[in-house]
Amino acid sequence: MAEKSVRSLIMRARAYDSKEQIDDFQSDPDSSEIDMVESMLTGDRDPIRDEIKNWIDCLDEESQVELVALYWIGRGDFDGNDFIAAVREAQARRSSPTADYLLGAPMLGDFLEAGLDAVIEADVFDDA
């Protein structure tokens, strides 16, 4: 997976992470602030969530597993040097759609960036 692609996902994930999870928001048709409020909400109808989900779903299985491994490394479950072990563990534990797992994970953008930086620093990330 290319570093540039992961960095692009990190930017989108940070935009998604900054939103507030509210699934039952009822907009007021008489309010002029509807668009501003709705742009800060997330849930099933969030276009950024849909974009991230579609992007992850289009990745091959190996790339999806690598994303999970990067997330875990960034979260502190593994060190950057342990990228291969994290990938193996992510593959072994894979049981639900990767996009659903990652979109339900806290601080996705921050942890992906920390994980990516750690594996680059450890010189174990194959930027293919």
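The following paragraphs examine the structure supplied in this document.

Cut-offs used in this document
Residues numbered from 1 in each chain as written. Predicted model: local features only at pLDDT ≥ 70, side-chain atom pairs only at ≥ 80, totals over all residues. Heavy atoms only, no water. Patch = residues over 30% accessible without salt bridge, like charges linked within 9 Å, V, L, I, M, F, W, Y side chains within 5 Å. Areas by Shrake-Rupley, 256 points an atom, 1.4 Å probe, with all protein chains shown as cover. Salt bridge = Lys/Arg side-chain N within 4 Å of Asp/Glu carboxyl O. Lys, Arg positive; Asp, Glu negative; His and termini not counted. Charge placed at Lys NZ, Arg CZ, Asp CG, Glu CD. Helix = DSSP H or I, 4+ residues; strand = E, 2+ residues; numbered from the N terminus. Buried < 20%, exposed > 50% of the residue type's maximum accessible area, 1.4 Å probe, protein only. Contact = heavy atoms within 4.5 Å. Axes fitted to C-alpha atoms, helices over the stretch in contact; angles between N-to-C directions. Parallel < 35°, antiparallel > 145°, perpendicular 65-115°, else oblique. Nonpolar A, V, L, I, M, F, W, Y, C, P; charged D, E, K, R; others polar. Core = buried A, V, L, I, M, F, W, Y, C linked by side-chain atoms within 4.5 Å. Expected span 1.5 Å × (residues − 1). Arc of directions from axis to C-beta.

Here the focus is a negative patch on the surface. Residues D60, E62, D126 and D127 make up a contiguous surface patch of negative charge. Tracing the backbone shows D126 in the segment after helix 7 (108-121).

On to the environment of V68. The residue V68 is located in helix 4 (residues 61-75) in this model. Exposure remark for V68: the relative accessible area of 8% places this residue in the buried category. Distance in space between the C-alpha atoms of V68 and Y101 is 8.7 Å, their sequence separation being 33 residues. For V68, the residues in contact, after removing those within four places along its chain, are A90, T98, Y101 and L102.

What follows covers the pattern of salt bridges. Per the counting criterion, the structure on display carries 10 salt bridges. Here D57 ties to K53 by a salt bridge, and the two come within 2.9 Å at their closest N and O atoms. Highlighted residues: D57 and K53, both in helix 3 (residues 47-58), separated by 4 residues, approximately one helical turn. In this structure, D77 and R75 form a salt bridge, with 2.4 Å as the shortest nitrogen-oxygen distance. Judged by relative accessible area, D77 falls into the partly exposed class, the value being 40%.

Looking now at the packing of helix 4 against helix 7. Closest axis-to-axis distance for the helix 4/helix 7 pair is 7 Å, and the angle between their directions is 90 degrees. In terms of axis orientation, helix 4 runs roughly perpendicular to helix 7. Contacts between helix 4 and helix 7 involve L67, L70, Y71, I73, G74 and R75 from the first element and L108, F111, L112, A114, G115, L116, A118 and V119 from the second. Broken down by class, the residue content of the contact of helix 4 with helix 7 amounts to 11 nonpolar, 2 polar and 1 charged.

Now for the nonpolar core. Judged by nonpolar contacts, the single largest core of 32 residues is most densely connected at L67, L70, Y71, F83 and L112. Among the elements of the structure, helix 1 (3-17), helix 3, helix 4, helix 5 (83-93), helix 6 (98-103) and helix 7 are those that each provide at least two residues to this core. Per-element tally for this core: the top contributor is helix 4, with 8 residues. Setting aside residues up to four positions removed in sequence, Y71 forms contacts with Y101, L102, A105, P106, M107, L108, F111 and L112.

A separate point is helix 7. The end-to-end C-alpha distance of helix 7 is 20 Å, a good match for the 20 Å that 14 residues give at a rise of 1.5 Å each. Every buried residue of helix 7 is accounted for by L108, G109, F111, L112, G115, L116 and V119. All buried residues of helix 7 fall inside an arc of 165 degrees around its axis, so they share one side. Its buried side turned inward, helix 7 meets helix 1, helix 4, helix 5 and helix 6. After helix 7 finishes, the residue D123 shows a positive phi value of roughly 60 degrees.

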